[in-house]
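Structural description and commentary
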Amino acid sequence: QYQIGEYYLSRKEWEKAANAYRYIYRHYPSFELADDSLFRTGQVYLFKKDFQKAAVSFKKLMMSYPKSPYLPDARFLSGDSFFEMNDYQRALREYERFMKDYPGSALVPKALYRSGEILSSHLNEEKKGEFFLKRIIKEYPDDPLRFDASLKMGRRKIKRLMRRSDTSKMRPARRTRRPQPQDF
């Protein structure tokens, strides 16, 4: 059954792949690949852009298989699922929990970036968002997201400066006469 799921997954026949994987963890929950099948089900739903079902699959994995090696990725992808559904509060909670539980994961910079993006762009908490972006720059100097975080912070700084210096309130520059030769 697992190979059938893999076959359909390779052919991008998402629903058939999800059904094959679902069959395994529903009928054989103690099978050695049951947690893998549940994780794959969540991935399939991400590919289908059915983020609600993906989040449910990842949640089931976290609840049913607390020792699974897929837990870090499931927690992170659960956050991504909520992010894609515009449920920013839940996405933020998942990313924060992920960073707390798996601080050594290679996905931490991405979780920091998403958290900063959620706070500053979607929840209007720019200062808190900048905190996460600054952490990427400081703690992960070799990560490719460091550049994106720097760029995002730079753009925000420019916007703040432009808001402060509203040009409509500025006086026009005084015109002075051009210096004449007799002035020297």
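Now for a description of the structure that goes with this document. Chains are numbered independently. Their residues run from 1 in the order of the written sequence. Whole-chain, interface and lining totals are the exception, using all residues; otherwise, since this is a predicted model, local features are given only for residues with pLDDT of at least 70 and side-chain atom pairs are given and counted only at 80 or more. Water and hydrogen atoms play no part in the side-chain values, which are based on all heavy atoms of the structure.

1. Examining a positive patch on the surface
Operational definition: Patch membership requires more than 30% relative accessible area and the absence of a salt bridge. Residues of like charge join within 9 Å; the nonpolar side chains Val, Leu, Ile, Met, Phe, Trp and Tyr join within 5 Å. The Shrake-Rupley method, run with a 1.4 Å probe, gives the accessible areas here. Residue values count only the displayed protein chains as cover. Within this document, salt bridges are pairs made up of a side-chain nitrogen of Lys or Arg and a carboxyl oxygen of Asp or Glu, the two lying within 4 Å of each other. Residues scored as positive are Lys and Arg, those scored as negative are Asp and Glu, and His as well as the terminal groups of each chain are ignored. In this description, the location of a charge corresponds to atom NZ of lysine, CZ of arginine, CG of aspartate or CD of glutamate. Numbering of helices and strands runs from the N terminus; a helix is a DSSP stretch of H or I covering at least four residues, while a strand is a stretch of E covering at least two.
A contiguous patch of positive charge on the surface is contributed by Lys127, Lys134, Lys157 and Arg164. Elements with a contribution of two residues or more to the positive patch: helix H8 (126–139) and helix H9 (145–164). Relative to the helices and strands, Lys127 resides in helix H8.

2. A look at unusual backbone geometry
Backbone geometry places Asn86, a non-glycine residue, at a positive phi of 65°. Topologically, Asn86 is positioned in the loop between helix H5 (71–84) and helix H6 (88–101).

3. Details of the nonpolar core
Our working rule: Definition of nonpolar core: a set of buried residues of the types Ala, Val, Leu, Ile, Met, Phe, Trp, Tyr and Cys, connected through side-chain atoms within 4.5 Å. In this scheme, a residue with accessible area under 20% of its type's maximum is buried, one over 50% is exposed, and one in between is partly exposed, where area comes from a 1.4 Å probe on protein chains only. Residue contacts are counted whenever heavy atoms from the two residues lie within 4.5 Å of one another.
Phe58, Tyr95, Met99, Ile118 and Ile136 are the most contacted members of the largest nonpolar core, which totals 44 residues. Residues contacting Tyr95, with those up to four places away along its chain left out, are Phe76, Gly79, Asp80, Phe83, Ala111, Arg114, Ser115 and Ile118.

4. Things to note about the packing of aromatic side chains
As a reminder, the rule being used: In this analysis, rings of Phe, Tyr and Trp, with Trp reduced to its six-membered ring, are considered paired at centre separations within 6.5 Å, and the interplanar angle assigns stacked below 30 degrees, edge-to-face beyond 60, and tilted for intermediate values.
Under the definition given, this model contains eleven aromatic pairs. Note on Trp14 and Phe47: the rings are 4.9 Å apart at their centroids and 35° apart in plane angle, and the pair reads as tilted. Of this pair, Trp14 sits in helix H2 (residues 14–27) while Phe47 sits in helix H3 (residues 34–47), and the two are 33 residues apart along the sequence. When its relative accessible area of 22% is taken as the criterion, Trp14 is described as partly exposed. Of the residues examined, Phe47 reaches a relative accessible area of 46% and is grouped as partly exposed. Pairing Phe98 with Tyr102 gives two aromatic rings, centres 5.8 Å apart and planes at 40°, and the pair type is tilted.

5. What about the layout of surface pockets?
Put simply, the rule reads: A pocket here means an open set of points on a 1 Å grid, computed over the protein atoms alone, that has protein on both sides within 12 Å along at least five of seven lines. A cavity is instead a set of points where a 1.4 Å probe fits but cannot get out; residues with an atom within 4 Å of a point line either one. Grid points are joined across faces, edges and corners, and a volume is the space filled by probe spheres set on the points. Residues are sorted three ways: Asp, Glu, Lys and Arg are charged, Ala, Val, Leu, Ile, Met, Phe, Trp, Tyr, Cys and Pro are nonpolar, and all the rest, Gly among them, are polar.
Counted as a void, the largest pocket has a volume near 160 Å³. Mapped onto the lining of the largest pocket, the elements with two or more residues apiece are helix H7 (108–122) and H9. Considering every element that reaches the lining of the largest pocket, the biggest residue donor is H9, with seven residues. Across the lining of the largest pocket, the residue classes tally to two nonpolar, two polar and seven charged.

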